[in-house]
Amino acid sequence: MAVVDPLIELRDVNKHYGQLHVLQGIDLAVGRGEVVVVIGPSGSGKSTLCRTMNRLETVESGTITIDGQPLPEEGKGLASLRAEVGMVFQSFNLFAHRTVLANVSLAPIKVRRRKKEDADRRSRELLERVGLAAHADKYPAQLSGGQQQRVAIARALAMDPKVMLFDEPTSALDPEMINEVLEVMQQLARDGMTMVVVTHEMGFARSAANRVVFMADGRIVEDRSPEDFFTHPESDRARDFLSKILKH
């Protein structure tokens, strides 16, 4: 799809794991303020695609730019890029020995060099935003999985990123906790955050996405509005995928 003001742009991106060609000539642009949901069968390359956008995965060929800048190779440039690109994973990766508040404040203090008081004030605002203001002084082990994932979202937001990447953020959660995380993500989408979300949650894809990118076998097969994709998939692969997951 043509994107007017791309914040992220991938051009002819290729990646192999040994003999496996996991990303095959990927072209993708994500516009400022857009929510792009990436779906597809397991092993289609979705998570790898997401992880190339902040260079957690390197690519062999092609170009990736964020806000007009190519992804830096290593060192300080890479650290500052990662400050601009928030990431939320399947596992929450919180520091077990630090409080919720300290988890959220740590990177702004260390990377953005904010004063502790300022960072903590902002962190409390973000915890309020994800519905966890009352839990600031607890430790991660005292929280449910859904609460921990919401802390992880607050922690990513604390860096004031230009874009948020979500790599299957609800797949490690019990079913009753999934909605509390998706609700926070829905709100971020409404607030205009640029988001790339790899997920199996089709309801979220339908309601929050501006575009659905469907991947299979390392390629982007479809890139369309949710309405078009879910009601009139064009490819056999997408029809097959949808028939398996949307059992009517």
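All figures in this text were calculated on a predicted structure; none of them were measured in a lab.

Colleague: What is the right way to read helix 3 (residues 100-110) from this model?
Modeller: Count 3.6 residues to each turn of an α-helix, and residues three or four apart come out pointing the same way. All of the buried residues in helix 3 are V100, L101, N103, V104, S105, L106 and P108. Taken together, the buried residues of helix 3 touch helix 4 (116-129) and helix 5 (145-157).

Colleague: So what exactly am I meant to see when it comes to the pattern of salt bridges here?
Modeller: On inspection of all chains with the given rule, the structure shows 22 salt bridges. R150 is the partner of E180 in a salt bridge, and the nearest nitrogen-oxygen pair spans 3.0 Å. Note that E180 is positioned in helix 6 (residues 175-190) and R150 in helix 5, a separation of 30 residues in sequence. What makes E180 partly exposed here is its relative accessible area of 24%. Between E222 and R224 there is a salt bridge; the shortest N-O distance is 2.8 Å. Residue classification places R224 among the buried positions, given a relative accessible area of 12%.

Colleague: How do you make sense of the environment of P169 when you look at a structure like this?
Modeller: By the element assignment, P169 lies in the loop between strand 7 (163-167) and helix 6. With a relative accessible area of 1%, P169 lands in the buried category. When the C-alpha positions of P169 and M185 are compared, they lie 9.8 Å apart, and in sequence the two are 16 residues distant. The contacts of P169, once residues within four sequence positions are left out, are V88, F89, Q149, M185 and V198.

Colleague: Teacher, can you tell me more about the layout of surface pockets here?
Modeller: If a probe the size of a water molecule is rolled over the atoms, the empty space left behind becomes visible. Computed from the structure, the largest pocket encloses a volume of approximately 510 Å³. R82, M87, A107, R155 and M159 are the residues nearest the centre of the largest pocket, which is lined by 20 residues in total. Of all the secondary-structure elements, those providing two or more residues to the lining of the largest pocket are helix 2 (75-84), strand 6 (85-88), helix 3 and helix 5. A total of 4 residues in the lining of the largest pocket trace back to one element, the largest contributor, which is helix 3. A breakdown of the residues in the lining of the largest pocket according to their chemical character gives 13 nonpolar, 4 polar and 3 charged. A volume near 190 Å³ is recorded for the second largest pocket. The wall of the second largest pocket is formed by 13 residues, among which R55, V59, G62, L71 and E73 lie closest to the centre. At 4 residues, the largest contribution of residues to the lining of the second largest pocket is made by strand 4 (residues 61-66). Taken together, the residues of the lining of the second largest pocket sort by class into 4 nonpolar, 5 polar and 4 charged.

Colleague: Sorry, what's going on with empty space enclosed by the protein here?
Modeller: If you walk through the whole model with that rule in mind, you get 1 cavity of 30 Å³ or more. Approximately 30 Å³ is the volume found for the largest cavity. Around the largest cavity sit R129, V130, L157, V184, Q187 and L188, which together line it. With 3 residues, the top contributor of residues to the lining of the largest cavity is helix 6. Of the residues assigned to the lining of the largest cavity, the class counts are 4 nonpolar, 1 polar and 1 charged.

Colleague: Can you walk me through the packing of aromatic side chains in this structure?
Modeller: The geometry of two aromatic rings is summed up by the distance between their centres and the angle between their planes. Inspection of the entire model under this criterion finds 3 aromatic pairs. Seen in terms of ring centroids, F229 and F230 are 5.3 Å apart; in terms of plane orientation they differ by 80 degrees. Their pairing is edge-to-face. With a relative accessible area of 8%, F230 lands in the buried category.

Colleague: It is not clear to me how the sheet that holds strand 5 (residues 69-70) should be interpreted in this structure. Could you clarify?
Modeller: Adjacent strands of a sheet form backbone hydrogen bonds with each other and so pair up, either parallel or antiparallel. Reading across the sheet, the 4 strands line up as 2-1-4-5 and stay open at both edges, with antiparallel pairing between neighbours. This sheet does not close on itself; its edge strands, each paired only once, are strand 2 (20-31) and strand 5. In the sheet, strand 1 (residues 6-17) pairs with strand 2 via 8 bridges, with the strands oriented antiparallel. Along strand 2, the bridge assignment pairs Y17 with L20.

Cut-offs used in this document
Residues numbered from 1 in each chain as written. Predicted model: local features only at pLDDT ≥ 70, side-chain atom pairs only at ≥ 80, totals over all residues. Heavy atoms only, no water. Buried < 20%, exposed > 50% of the residue type's maximum accessible area, 1.4 Å probe, protein only. Helix = DSSP H or I, 4+ residues; strand = E, 2+ residues; numbered from the N terminus. Contact = heavy atoms within 4.5 Å. Salt bridge = Lys/Arg side-chain N within 4 Å of Asp/Glu carboxyl O. 1 Å grid on protein atoms, 1.4 Å probe; cavity = no way out; pocket = protein on both sides within 12 Å on 5 of 7 lines; lining within 4 Å. Points joined across faces, edges and corners; volume = space filled by probe spheres on them. Nonpolar A, V, L, I, M, F, W, Y, C, P; charged D, E, K, R; others polar. Phe/Tyr/Trp six-rings, centres within 6.5 Å; stacked < 30°, edge-to-face > 60°. Pairing = 2+ DSSP bridges.

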